[in-house]
Amino acid sequence: METFPGDELQIYRGRDYTLAPGITIHQPTLDEICDYGERAYWSMIYTLTSTGADLKFQLDDMGIDYTQISDFQLFYSLLAPSCDQSKTYIITGDLDFTNCQLMQNKSSEEIVMYDAAQGILIDQQTYLKFAQILRNIHGLKRNAQLPANEATKRILIEDAREEYERGKDKPYISQLKNLVSAMINCPGFKYDHSQVWNMKINAFLDSVKRISKIKNADLLLQSGYSGFGINLKEIPDKQLNWMGELD
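Residues numbered from 1 in each chain as written. Predicted model: local features only at pLDDT ≥ 70, side-chain atom pairs only at ≥ 80, totals over all residues. Heavy atoms only, no water.

**Considering the pairing of strand β1 (residues 17-20)**
For step 1, the next point in the chain: The pairing of β1 with strand β2 (residues 23-25) spans 3 bridges and is antiparallel. Its bridge partner lying in β2, A20 is registered against I23. (Pairing = 2+ DSSP bridges. Helix = DSSP H or I, 4+ residues; strand = E, 2+ residues; numbered from the N terminus.)

**Quick notes on the pattern of salt bridges**
For step 1, the next point in the chain: In this structure the tally under the stated criterion is 8 salt bridges.
For step 2, the next point in the chain: The closest approach of N and O atoms between K153 and D65, which form a salt bridge, is 2.9 Å. Placement of K153 in helix α8 (residues 150-167) and of D65 in the loop between α4 (56-61) and α5 (71-79) is noted, with a sequence separation of 88 residues between them.
For step 3, the next point in the chain: Its salt-bridge partner being K168, residue E165 comes within 2.9 Å of it at the nearest N-O pair.
For step 4, the next point in the chain: A residue is classified by how much of its surface remains accessible, and E165, at 41% relative accessible area, is partly exposed.
For step 5, the next point in the chain: A relative accessible area of 41% means that K168 is categorised as partly exposed.
For step 6, the next point in the chain: Within the structure, one salt-bridge network assembled from shared partners comprises D60, D61, R154, E158 and R161. (Salt bridge = Lys/Arg side-chain N within 4 Å of Asp/Glu carboxyl O. Buried < 20%, exposed > 50% of the residue type's maximum accessible area, 1.4 Å probe, protein only.)

**A word on the sheet that holds strand β5 (residues 120-122)**
For step 1, the next point in the chain: Spatial ordering of the open sheet is given by β3-β4-β5, a layout of 3 strands whose pairing is antiparallel. Each having just a single partner strand, β3 (101-104) and β5 make up the two edges of the open sheet. Across the sheet, the mean angle separating the axes of adjacent strands is 35 degrees when strand polarity is ignored.
For step 2, the next point in the chain: Alignment of strand β4 (residues 111-115) against β5, held across 3 bridges, turns out to be antiparallel. For D115, the partnering residue across the bridge sits in β5 and is I120.
For step 3, the next point in the chain: Each of β3, β4 and β5 is contacted by α5, which is oriented at about 40 degrees to β4, the strand it contacts most. (Axes fitted to C-alpha atoms, helices over the stretch in contact; angles between N-to-C directions. Contact = heavy atoms within 4.5 Å.)

**With respect to the confidence of the model for the protein chain**
For step 1, the next point in the chain: Across the protein chain, the average pLDDT comes to 90, with 88% of residues at or above 70.
For step 2, the next point in the chain: Taking the mean pLDDT of every element in the protein chain, the minimum, 68, falls on helix α11 (residues 237-240) and the maximum, 98, on helix α2 (residues 30-36). (pLDDT = per-residue confidence, 0-100.)

**A short note on the packing of helix α3 (residues 38-49) against helix α6 (residues 85-92)**
For step 1, the next point in the chain: In contact at an axis separation of 10 Å, α3 and α6 are set at 85 degrees when each is read in the N-to-C sense. Classified by the angle between their axes, α3 and α6 sit roughly perpendicular to one another. For the pair α3 and α6, contact is made by Y41, M44, I45 and L48 and by K87, T88, I90 and I91, respectively.
For step 2, the next point in the chain: Tallied by class, residues from the contact of α3 with α6 come to 6 nonpolar, 1 polar and 1 charged. (Parallel < 35°, antiparallel > 145°, perpendicular 65-115°, else oblique. Nonpolar A, V, L, I, M, F, W, Y, C, P; charged D, E, K, R; others polar.)

**Some remarks on unusual backbone geometry**
For step 1, the next point in the chain: Although it is not a glycine, E109 adopts a positive phi angle of roughly 65 degrees.
For step 2, the next point in the chain: Structurally, the position occupied by E109 is in the loop between β3 and β4.
For step 3, the next point in the chain: According to the relative accessible area criterion, E109 is exposed, its value standing at 59%.

Next up, the structure:
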C-alpha cells in the first residue's frame, strides 16, 4: 500500500497531523491509551482501518462479496455509523463520523461523506490516506488478501469464521503490557517505568523493533567475526545494517 510523502518523520515525531480541513489525527501516548482502555483502543483502530478481507465472513453473512467492496465503501456504509465521537475522540478529537451524510459529487459522481454543520468533507482519497496514516502509526499492514478462485474464497471465509469462533470467548491479552515490561528492562531502552508512558505510540513501537534489529545485527556480527560462526557474506545487508529500514 502506498505511503504518503512527508508523513514518515512527522508520524515518528508524534505531532498532531492535519489531514484536511476539520480532520486532524492525534497520536496518543501510552498513558492516553491506558486511560482510554487498551482493548477498546485497538478495536477502534481496527474498525477505522478494516478492509473487506478483514471482515470476510461478516460481509458474507450480509450477502456482500468481500472482494468487491472498496475500503471506502465499507467504511461509509458499515463502519462509520458505529464510529461516534465518544469512541474516536482519542484519535480525531471533535470529529464525529456519525454526523456525516452521504452525498454525490455532481462533477465526479463520487460518493462522499459530508458534515454540513462543520463543513467537513471526506472523499475516497481522504479516507484512504486517513486509514493508511493510522496503519503507519501503529505498524499495521493493509489486508489485501484476495482468493485465486471462488472455491478458495469459500475456504477463506469459513476459516475466518472458525478463527473468530475459537477466539471470541478467550480473555483479552494485553498487546502492550509485555512490550512495556520488556523494554523498560532492556539495557538499550532509555526510558524507565515512569517515563515510558509519555511516549507516543509510534515512537514506542518503533523502539521495540529498532532495539530488536540492533540486537540481531550485533549477534550476527559477533558470530561472523568470531571465526567459528556464520559466514557474513551469506547474510543480507539489511540484517546487518541496524540503522536501516524496519520490517
